[in-house]
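So you can see what is in the structure, the chains are spelled out below.
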Amino acid sequence: MTDFTEDVYKIVKTIPKGKVASYGWVGKQLGSARLARAVGNALHKNPFADIPCHRVVNSQGKLAEKFGKGGWRVQKEMLVAEGVRFANEHRVDQRWMVV
DNA sequence: CTAATGACCATTA
DNA sequence: ATAATGGCCATTA
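Since the structure is predicted, the reported quantities are computational estimates derived from the model, not experimental observations.

(A) Looking closely at the nonpolar core. Counting 16 residues, the largest nonpolar core has Val-8, Val-12, Val-26 and Leu-43 as the members making the most contacts within it. Put simply, the parts of the chain that give this core at least two residues each are helix 1 (3–12), helix 2 (23–29) and helix 3 (36–45). Broken down by element, the residue count for this core peaks at 4 residues, all from helix 1. Excluding its chain neighbours within four sequence positions, the residues that come into contact with Val-26 are Val-8, Ile-11, Val-12 and Val-39.

Set out below in structure tokens:
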């Protein structure tokens, strides 16, 4: 466990239920938006169950193709279950993105 | 130490 | 709309 991933989880847990945030947004909360890539790696390599990684999408509002177990389909269902609206089959409505 | 990788981002064609 | 390119950062081999 590195300090970086630790912080990433801290931020991800901050995302309110029924909302989603982009990797860039998370990185920004950590200091710089360029950490987006590293954030994705952190979530990919440390998929702890107590982390709402399904609320994290990319800047286009799309879901991770390589999302652990199930892929973006399952992730989408989880978000819908929380009240997140989708603009279409693969895009999350921007208004449900954290500012 | 260096090189390669990835659940990214923005720009350009 | 999709494809390719360059850049960014932390982790891993």
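(B) Up close: the pattern of salt bridges. Enumeration over the complete set of coordinates arrives at 5 salt bridges. Linking Lys-10 and Asp-7 is a salt bridge whose minimum nitrogen-to-oxygen distance equals 3.6 Å. Here Lys-10 pairs with Asp-7, and both are found in helix 1, just 3 residues apart, close to one helical turn. Residue class for Asp-7 comes out partly exposed when judged on its relative accessible area of 30%. Note that Glu-89 and Lys-76 form a salt bridge whose closest N and O atoms lie 3.9 Å from each other. Residue Glu-89 is found in the segment after helix 4 (72–82), and its partner Lys-76 is found in helix 4; the two are separated by 13 residues along the sequence. On the accessibility criterion, Lys-76 (12% relative accessible area) is buried.

(C) Just the protein's contact with DNA strand C, in detail. What surrounds DNA strand C is the set Thr-2, Phe-4, Arg-34, Leu-35, Arg-37, Ala-38, Asn-41 and Lys-45. For DNA strand C, the backbone portion of the atoms within 4 Å of the protein, that is sugar and phosphate, comes to 62%. Side-chain polar atom of Thr-2 to a phosphate oxygen of DNA strand C: 2.3 Å apart, as the coordinates give it. Arg-37 is positioned with one of its side-chain polar atoms (N or O) 2.7 Å from a base oxygen of DNA strand C. Element by element, the count of residues in the surface near DNA strand C is highest for helix 3, at 4 residues. The class makeup of the residues in the surface near DNA strand C is 3 nonpolar, 2 polar and 3 charged.

(D) Spatial organisation of the protein's contact with DNA strand B. Not every one of the 16 residues close to DNA strand B is listed here, only the nearest: Arg-37, Asn-41, His-44, Asn-58 and Ser-59. Near the protein, meaning within 4 Å, the atoms of DNA strand B are sugar or phosphate in a fraction of 49%, with bases accounting for the rest. The contact in question runs from a phosphate oxygen of DNA strand B to an N or O atom on the backbone of Gly-24, over 3.4 Å. Between DNA strand B and Ser-59, the relevant distance is 2.8 Å, taken from a phosphate oxygen to a main-chain nitrogen or oxygen of the residue. When residues of the surface near DNA strand B are traced back to their parent elements, those giving at least two are helix 2 and helix 3. No other element matches the 7 residues that helix 3 contributes to the surface near DNA strand B. Along the lines of polarity and charge, the residues of the surface near DNA strand B split into 8 nonpolar, 6 polar and 2 charged.

How each quantity is defined
Residues numbered from 1 in each chain as written. Chains lettered and ligands numbered in written order. Predicted model: local features only at pLDDT ≥ 70, side-chain atom pairs only at ≥ 80, totals over all residues. Heavy atoms only, no water. Core = buried A, V, L, I, M, F, W, Y, C linked by side-chain atoms within 4.5 Å. Buried < 20%, exposed > 50% of the residue type's maximum accessible area, 1.4 Å probe, protein only. Helix = DSSP H or I, 4+ residues; strand = E, 2+ residues; numbered from the N terminus. Contact = heavy atoms within 4.5 Å. Salt bridge = Lys/Arg side-chain N within 4 Å of Asp/Glu carboxyl O. Near = heavy atom within 4 Å. Polar contact = N/O pair within 3.5 Å; in protein donor to acceptor, adjacent residues only side chain to side chain. Nonpolar A, V, L, I, M, F, W, Y, C, P; charged D, E, K, R; others polar.

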